[in-house]
Amino acid sequence: MSEGQLAPTDCFVAVYGDDVGERYDLSDEPTVFGRSAAATVFIDSEHVSRDHAVVERDGRHRYITDLDSTNGTYVNDKLVTRHRLVDSDLVQLGDSMFKYLCQPDLRQAYFEEIHRLAITDGLTSVPNDRALTACLDREFARSRRHARDVALLLLDVDHFARINDQLGHVAGDLILREFAMVLARRIRRDELLARYDGAKFAIVLPESAVQGAIAYAEILREMVELYEFSIDEASVSLTISVGVGAFNPHMTSPLDLLRAAEGKLFEAKQAGRNCVVP
């Protein structure tokens, strides 16, 4: 792009919050995000300030500036006061998250993002419960047809509600994103990590018998316990409880495998948390 040439048309796409998939095109006029009825992009959330942040063009570039908001403006998990936006930046305002798109074919980029959102959790960027259901259906059918093993881990962050209460929901969201990234680094190509519900995550382990699944779950449990999660300049320690479900020939549907893992997760919590129960 030559000097003075206008940037391609750009937009924000809501990827997490109440209006997932909504597209907000940007113009040469300032775009104010906030809870005020006068805001250009209205966000109906108590965690968003009335005038939270503004997006403006400055020459060839687009910038986002925090407007002294209560909970701050985060770009790619970093607290910012002013930031020059680039394509695919993730912007978090309170408990809402947006992706900035700036590409020559904006229409195609938007449709690709909508497709991604159909199978991806907007907050953590890992597969969502829809992707989990599809994977369980596929692996369960394969196990029944070919008498192969498959295991399911259900992980829950212990006392996560306390983190939200003590640090706020914005901090809780950032920690949950980092938690998902920590887990994702240990997931192999044929496995699936998905956000199941709230602070619960599921891991599908094809070709894994119960003993191997237990050993893997213990590795993850210890890894999380030793990891220091960061939020701004503070660090937070987490533990997880893990329930292990394993396929057996008496199961008739993927729901049986899911219920088995849920039952074991409940036992892990009843046993005092920070443990693995098969």
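Up top is the structure these notes are about.
Figured I'd write up the structure that's included with this text. Quick caveat: nothing in here was measured; it's all calculated off a predicted structure.

**Overview of the sheet that holds strand 3 (residues 31-34)**
Strands in a sheet are paired, the pairing made by backbone hydrogen bonds, and the direction either parallel or antiparallel.
Part 1 of the reasoning: The five strands are arranged 4-3-5-6-9 in an open sheet whose pairing can be described as mixed. In this open sheet, the two edge strands, each paired with only one partner strand, are strand 4 (41-42) and strand 9 (82-84).
Part 2 of the reasoning: Pairing between strand 3 and strand 4: two bridges, direction parallel. Bridge pairing in strand 4 links Gly34 to Phe42.

**Some details on helix 6 (residues 254-270)**
Each turn of an α-helix holds 3.6 residues, which means side chains three or four residues apart point in the same direction.
Part 1 of the reasoning: Taking 1.5 Å of rise per residue, 17 residues should cover 24 Å, and helix 6 covers 25 Å from first to last C-alpha, within 8% of that figure.
Part 2 of the reasoning: Within helix 6, the full set of buried residues consists of Leu257, Leu258, Ala261, Leu265, Ala268 and Lys269. Down the axis of helix 6, the smallest arc covering the buried residues is 115°, so these residues share one side. Turned more than 90 degrees away from the buried face of helix 6 sit Arg259, Phe266 and Gln270, all of them exposed.
Part 3 of the reasoning: Against the buried residues of helix 6 lie helix 2 (129-146), strand 12 (150-157), strand 13 (192-197), strand 14 (200-206), strand 17 (240-246) and strand 18 (276-277).

**Observations concerning the side chain of Asp158**
Part 1 of the reasoning: You can see Asp158 is positioned in the loop between strand 12 and helix 3 (160-167).
Part 2 of the reasoning: A polar contact of 2.7 Å, which involves the side chain of Asp158, links it to the side chain of Thr239.
Part 3 of the reasoning: Among residues more than four places away in sequence, those in contact with Asp158 are Thr239, Ile240, Ser241, Lys269, Arg273 and Asn274.

**Let's talk about the environment of His159**
Part 1 of the reasoning: By the secondary structure assignment, His159 is in the loop between strand 12 and helix 3.
Part 2 of the reasoning: Between the C-alpha atom of His159 and that of Asp77, which follows or precedes it by 82 residues, the distance is 22 Å.

**Comments concerning the packing of helix 4 (residues 169-184) against helix 5 (residues 210-226)**
The relative placement of two packed helices comes down to the angle between their axes together with the axis-to-axis distance.
Part 1 of the reasoning: Closest axis-to-axis distance for the helix 4/helix 5 pair is 11 Å, and the angle between their directions is 135°. Classified by the angle between their axes, helix 4 and helix 5 sit oblique to one another. When you trace helix 4 past helix 5, the crossing you get is right-handed. The segment helix 4 lies against helix 5, with Phe179, Val182 and Leu183 engaging Leu220, Met223 and Val224.
Part 2 of the reasoning: Residue composition of the contact of helix 4 with helix 5, grouped by class: six nonpolar, no polar and no charged.

**Notes on the sheet that holds strand 11 (residues 96-102)**
Part 1 of the reasoning: Pairing within the open sheet is antiparallel, and its six strands lie in the order 2-1-11-10-7-8. Bordering the open sheet on either side are strand 2 (23-25) and strand 8 (78-80), each of which pairs with just one other strand. The average angle at which neighbouring strand axes cross in this sheet is 30°, direction not considered.
Part 2 of the reasoning: Looking at chain direction, strand 10 (residues 90-93) and strand 11 are connected through four bridges and run antiparallel. Looking across to strand 11, one finds that Val91 is bridged to Phe98.
Part 3 of the reasoning: The strands that helix 1 (residues 106-119) touches are strand 1 (10-16), strand 2 and strand 11; relative to strand 1, the one it contacts most, it runs at about 5°.
Part 4 of the reasoning: The sheet contacts of helix 4 involve strand 1, strand 7 (73-75), strand 10 and strand 11, and relative to strand 10 the element is tilted by about 150°.

Calculation criteria
Position labels on residues start from 1 in each chain and follow its written sequence. Local features in this predicted model are restricted to residues of pLDDT 70 or higher, and side-chain atom pairs are both shown and tallied only at a pLDDT of 80 or more, whereas totals for entire chains, interfaces and linings draw on every residue. Excluded from the side-chain calculations are hydrogens and water; all other atoms, namely the structure's heavy atoms, are used. Pairs of strands are assigned from DSSP output, requiring at least two bridges between the strands. A run of H or I in DSSP becomes a helix once it reaches four residues, and a run of E becomes a strand once it reaches two; helices and strands are each numbered from the N terminus. Expected helix span is computed as 1.5 Å times (number of residues minus one). The buried label goes to any residue with under 20% of its type's maximum accessible area, the exposed label to any with over 50%, and the partly exposed label to all in between, with areas taken from a 1.4 Å probe on protein chains only. Note: the arc covers the axis-to-C-beta directions of the helix. Contact definition: two residues touch when any of their heavy atoms are within 4.5 Å. Between N or O atoms, a polar contact is any pair within 3.5 Å; within protein, one atom must be a potential hydrogen donor and the other a potential acceptor, and residues adjacent in sequence are included only when both atoms are from side chains. Lines fitted to the C-alpha atoms define the axes, with helices restricted to the stretch that makes contact. Angles between their N-to-C directions range from 0 to 180 degrees. Orientation is classified from the angle alone, with under 35 degrees giving roughly parallel, over 145 giving roughly antiparallel, 65 to 115 giving roughly perpendicular, and any other angle giving oblique. Note on convention: the crossing is left-handed when the near helix lies turned anticlockwise from the far helix by less than a right angle, right-handed when the turn is clockwise. Asp, Glu, Lys and Arg are counted as charged, while Ala, Val, Leu, Ile, Met, Phe, Trp, Tyr, Cys and Pro are counted as nonpolar; the rest, among them Gly, fall into the polar class.

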